[in-house]
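What follows is each chain in one-letter form.
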Amino acid sequence: MNTIEVVAAVIEKNGKFLIAQRPEHAHLGSQWEFPGGKIEPGETHEQALVREIKEELSINICPGNLIGDIIHNSPERCVHLYFYKAVYEDGEIVLTEHQKILWCSVTSLLKKPLASGDMTFVMQFLAN
Ligand code: 9L3
Ligand code: MG
């Protein structure tokens, strides 16, 4: 099975993390996730992260360290997700793909219908 490589931004402000709700009719519709997307050929992870967040939320971020990665298998595909810390630099959030955003504590993240790879990430890397 082919693997797709995906970066996601973990943006924290005052102990809360930004999550976004995927479009209703998309793959994993209406589930919540750390925003991001597929790495394009020739891009570094950091370049992909900055580009995806600009495309999806219209804001500029500064990519930080890799916090954790998760390999998520479904019957259709294998997704390798890389979660990077990111600092919100500037710009006002305007959603181009997602339905909503929320700022959540780790406790409330654990109660949200997160996409499955994102929930695994929260349990393994944030909730301890
Ligand atoms: N995905 C899962 N969790 C995330 C992100 C950003 C992406 N935090 C999954 C959903 C899709 C694939 O990765 O299966 C590609 O993401 P996108 O291009 O649909 O955002
Ligand atoms: Mg995306």
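Rules behind the numbers
- Residues numbered from 1 in each chain as written.
- Chains lettered and ligands numbered in written order.
- Predicted model: local features only at pLDDT ≥ 70, side-chain atom pairs only at ≥ 80, totals over all residues.
- Heavy atoms only, no water.
- Pairing = 2+ DSSP bridges.
- Helix = DSSP H or I, 4+ residues; strand = E, 2+ residues; numbered from the N terminus.
- Buried < 20%, exposed > 50% of the residue type's maximum accessible area, 1.4 Å probe, protein only.
- UniProt positions renumbered as here; feature names shortened; annotations may be inferred.
- Salt bridge = Lys/Arg side-chain N within 4 Å of Asp/Glu carboxyl O.
- 1 Å grid on protein atoms, 1.4 Å probe; cavity = no way out; pocket = protein on both sides within 12 Å on 5 of 7 lines; lining within 4 Å.
- Points joined across faces, edges and corners; volume = space filled by probe spheres on them.
- Near = heavy atom within 4 Å.
- Polar contact = N/O pair within 3.5 Å; in protein donor to acceptor, adjacent residues only side chain to side chain.
- Areas by Shrake-Rupley, 256 points an atom, 1.4 Å probe, with all protein chains shown as cover.

Participant: Give a description of the pairing of strand β6 (residues 78-90) that names residues and reports values.
Facilitator: By the bridge criterion, nine bridges tie strand β1 (residues 3-13) to β6 in an arrangement that is parallel. Along β6, the bridge assignment pairs V6 with L81. Pairing of strand β5 (residues 60-73) with β6, which is carried by 11 bridges, proceeds in the antiparallel orientation. Counterpart to C62 in the pairing with β6 is V87. Counted along the chain from β5 to the antiparallel partner β6, the turn is four residues long.

Participant: Please provide a residue-by-residue account of unusual backbone geometry, values included.
Facilitator: Despite not being glycine, S30 shows a phi value in the positive range, around 70 degrees. Tracing the backbone shows S30 in the loop between β2 (16-21) and β3 (32-33). The exposure class assigned to S30 is partly exposed, which follows from its relative accessible area of 26%. Even without being glycine, S58 reaches a positive phi, approximately 65 degrees.

Participant: Explain the UniProt feature "domain: Nudix hydrolase" (unreviewed entry) in the protein chain residue by residue, including any values.
Facilitator: Under the present numbering, the feature "domain: Nudix hydrolase" (unreviewed entry) in UniProt falls on residues 1-127. With 22% helix and 43% strand, the stretch residues 1-127 has end C-alpha atoms that lie 31 Å from each other.

Participant: So what about the pattern of salt bridges? Which residues, and what values?
Facilitator: Taken as a whole and judged by the stated rule, the model has six salt bridges. Across the pair E43 and R51 runs a salt bridge whose closest N-O atoms are separated by 2.5 Å. Comparing E43 with R51, the two get one shared label, buried. Taken together, the salt bridges that share partners define one network made up of E40, E43, R51, E52 and E55.

Participant: I'd like a description of the layout of surface pockets, backed by residues and values.
Facilitator: The calculated volume of the largest pocket comes to roughly 580 Å³. Along the wall of the largest pocket there are 29 residues; nearest its centre are V6, R22, H27, L28 and E33. Secondary-structure elements contributing two or more residues to the lining of the largest pocket are β1, β4 (36-38), α1 (45-57), β6 and α3 (116-126). In terms of residue count, the dominant contributor to the lining of the largest pocket is β1 (four residues).

Participant: Summarise the site of ligand 1; cite the residues concerned and give the values.
Facilitator: Taken together, 15 residues are adjacent to ligand 1, and R22, H27, F34, G36 and D118 come closest. One nitrogen or oxygen atom from the main chain of F34 is found 2.7 Å from a nitrogen atom belonging to ligand 1. Within the backbone of G36, an N or O atom sits 3.3 Å from an oxygen atom of ligand 1. The protein chains hide 89% of the 440 Å² of surface that ligand 1 would expose on its own.

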